[in-house]
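# Analysis of the macromolecular model
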Amino acid sequence: MDTINTESLPQDLVQRDNWLLWRQESSGKVPYQAQAPQVRANPTDHSTWASFDATRSAYHPQRDAGIGFALDGEVAAVDIDGDTSSKAVDLLHEVGCGYIELSPSGNGLHGWGLFDGELPRKKVVVDGISVEIYNSSRYMSVTGNTICHGQLLPLSGIEKIYHPPATQVSTSHPKSNARQSNSGTRQYPRCEILRFLPPETGKRNEYLYKLARHLKACYPERRAKDMLDIVQQWFEQAKPYIATQDFMESWSDFTRAWETIQFSEGEGIESLLVDVESDPDVAGVPPVFTSHAMFLAKVCRRLQNHSGDEPFYLSARKAGELLGIHWTNAARQLNGLVSVDVLQLVEKGTKTSRKARTYWFLAESERNEAS
C-alpha cells in the first residue's frame, strides 16, 4: 500500500465512497472500517465504507494488509488467480476490462469494468484459466500495481465467462486488436489504446497527441493514413469521455499531430541535448544578453538540426525546465532571440490545441538577410 500509485487508479473507482481496509487473518482477508479501524466492515453495508482519501489516510502498514473496494452492483471485478500471463491479460481485455492490476500476492490479476444489473457470481475455467466475476455482496482488494492503465468500461464480453465456448480456435476478440491494414502494421493490442483514453472531457486533444507520439515510436516509417484503423478504435473507446463526437475532427487533429511530432514516445528532448552547453557559441547573440540566452540559442540550433527542413516546436515551459528558470522568464529569452533574428517565430502556440510555438533557427547568412 505504501507504493500504490494513486495516479493509475481509474477516477470511477477513486471518486466512489466504497472503500475499506483489509487484513490477512486466519479466516482469510477480513475487511475493516476506515473510520473505525478496529471494527469490521460489511461489504453489503454502505455505512461501513468510506471515501478513498479517508481509507488511504486510515491505512497503517503495521496493522493493515491493504485497501479494498466494496462492489455494490455497478462496478464489476474479474478475478484471475495464479496466472499473470499475456493470455490471461488478453482474456480480461476480451471480457471488456479497461483497468487491470496485479493482485496483492502478485500471482494473479484483477480486471475492473462496469456492469449495471444483476451479475451472479460465477467461477469458470476459460482456455485453462480459472476466472471469477462479481459485482455485488463482496469486496476486492486494490493494489494500484497496474498492468493496463485505462478507464472503467462496460463489460461487453462477459458471455466469455458465462457461456465459454467448448472449442476455441482463437482467443482474439475483434476489438482487442486493430485490423491488419494494407500498410503492414502489426496487430495492435487493445490495452495500448486504453492507455491513451482521456480521463475526462476537455482532454481529447492532449491524449490524442500522446497516442500519436506513441504510434510514431511504433511505426516511424509509416504515414498518418496507415494509423486510421487504430485511431478509429481509440475514438470508439473514447466517446464516453469526449465532447466532440465527430470522428473527422479527431482524425484531423491526429493527422496534424502526426506531421508535427518531433519526438516520439520514449524519445525525450533531453537525449538530443546532451553536452549542448559545450557547443560553439551562436553568432548573433548580443554579449549583453544573459548566459541563459546563449544556452537557449544552442538548444534551438540542435533542435533545428534535428528537425531538418521543418520548423521546430519549443514551449516556454520546456525552455524554462531546460534553463532551470520560470517559464515566463524563459519566454522573455525566446522573444529576445527572435528580436535579434537568431530565431524566427513561425506560429504561435495556442492553449486550446496545446501546441508549442514553432520556430526557425536562422543560419548566419539568413540572419544577415533578415537584418
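Attention here is on the structure that accompanies the text. (Residues numbered from 1 in each chain as written. Predicted model: local features only at pLDDT ≥ 70, side-chain atom pairs only at ≥ 80, totals over all residues. Heavy atoms only, no water.)

Burial of nonpolar side chains together is a common tendency in soluble globular proteins. Residues Val-78, Trp-234 and Phe-254 are the most contacted members of the largest nonpolar core, which totals 47 residues. With residues near it in sequence (within four places) discarded, Phe-254 still touches Leu-208, Ala-212, Leu-215, Ala-224, Met-227 and Val-231. Membership of the second largest hydrophobic core comes to 23 residues, among which are Phe-52, Ala-58, Leu-71 and Tyr-134. (Core = buried A, V, L, I, M, F, W, Y, C linked by side-chain atoms within 4.5 Å. Buried < 20%, exposed > 50% of the residue type's maximum accessible area, 1.4 Å probe, protein only. Contact = heavy atoms within 4.5 Å.)

For the pair helix H11 (residues 316-323) and helix H12 (residues 327-339), interaxial distance at closest approach is 8 Å and the crossing angle is 100 degrees. Here H11 is positioned roughly perpendicular relative to H12, judged by the angle of their axes. Side by side, H11 and H12 meet where Ala-316, Arg-317, Ala-319, Gly-320 and Leu-323 of the first sit next to Trp-327, Ala-330, Ala-331 and Leu-334 of the second. Residue composition of the contact of H11 with H12, by class: seven nonpolar, one polar and one charged. (Axes fitted to C-alpha atoms, helices over the stretch in contact; angles between N-to-C directions. Helix = DSSP H or I, 4+ residues; strand = E, 2+ residues; numbered from the N terminus. Parallel < 35°, antiparallel > 145°, perpendicular 65-115°, else oblique. Nonpolar A, V, L, I, M, F, W, Y, C, P; charged D, E, K, R; others polar.)

Counted according to the given criterion, the structure contains eight aromatic pairs. Look at Phe-247 and Trp-251: their rings are 6.3 Å apart centre to centre, the planes differ by 15 degrees, and that puts the pair in the stacked class. Highlighted residues: Phe-247 and Trp-251, both in helix H8 (residues 247-260), separated by four residues, approximately one helical turn. With respect to class, Phe-247 is no different from Trp-251; both count as buried. Among the aromatic side chains, those forming a connected cluster through ring pairs are Phe-235, Phe-247, Trp-251, Phe-254 and Trp-258. Taking the ring centre of Tyr-134 as reference, the NZ or CZ of Arg-138 above it sits at 4.0 Å. The ring of Tyr-207 carries Lys-210 above its face, with NZ or CZ at 4.3 Å from the centroid. (Phe/Tyr/Trp six-rings, centres within 6.5 Å; stacked < 30°, edge-to-face > 60°. Lys NZ or Arg CZ within 6 Å of the ring centre and 35° of its normal.)

On to the pattern of salt bridges. Following the criterion strictly, the structure yields 14 salt bridges and no others. For Lys-239, the salt bridge identified is with Glu-236, shortest N-O distance 3.7 Å. A residue is classified by how much of its surface remains accessible, and Lys-239, at 31% relative accessible area, is partly exposed. The salt bridge partner of Arg-256 is Asp-253, with a shortest N-O separation of 2.4 Å. Of this pair, Arg-256 and Asp-253 both sit in helix H8, three residues apart, which is roughly one turn of that helix. Overall, the relative accessible area of 12% leaves Asp-253 in the buried class. Members of the salt-bridge network, linked through shared partners, are Arg-204, Glu-249, Asp-253 and Arg-256. (Salt bridge = Lys/Arg side-chain N within 4 Å of Asp/Glu carboxyl O.)

We now examine the sheet that holds strand S9 (residues 312-313). Pairing between sheet strands relies on hydrogen bonds along the backbone, with the strands arranged either parallel or antiparallel. Across the sheet, which stays open at both edges, the three strands sit in the order S9-S11-S10 with antiparallel pairing between neighbours. Each edge of the open sheet carries a strand with a single partner, namely S9 and strand S10 (343-347). Sheet contacts for helix H10 (residues 291-307): S9, S10 and strand S11 (358-361); angle to S11, the most-contacted strand, approximately 95 degrees. (Pairing = 2+ DSSP bridges.)

Most of strand S3 (residues 66-80) sits out of view: 13 of its 15 residues are buried. Pairing between strand S1 (residues 19-25) and S3: four bridges, direction antiparallel. In the strand pairing of S3, Trp-19 is matched with Phe-69. As paired elements, S3 and strand S7 (residues 129-142) share ten bridges and run antiparallel to each other. Paired with Leu-71 across the strands is Arg-138, a residue of S7. Taken together, the six bridges between S3 and strand S5 (residues 109-114) define a ladder with antiparallel strand orientation. Within S5, the residue paired with Ala-76 across the bridge is Gly-113.

Okay, the pairing of strand S4 (residues 99-102) next. Where S4 meets S5, four bridges bridge the pair, whose relative direction is antiparallel. Within the sheet, the bridge partner assigned to Ile-100 lies in S5 and is Gly-111. Remark: six residues form the turn of the hairpin made by S4 and S5, two consecutive strands paired antiparallel; Gly-106 in that turn has positive phi of roughly 80 degrees.

Here H12 spans 18 Å end to end across 13 residues, near enough to the 18 Å set by a 1.5 Å rise per residue. Where H12 is buried, its residues touch H10, H11, S10 and S11. Positioned one or two residues after H12, Asp-341 has a phi angle of 65 degrees, which is positive. (Expected span 1.5 Å × (residues − 1).)

Attention shifts here to unusual backbone geometry. The phi torsion at Asp-127 lies on the positive side, around 55 degrees, for a residue other than glycine. Inspection of the secondary structure assignment puts Asp-127 in the loop between strand S6 (122-126) and S7.

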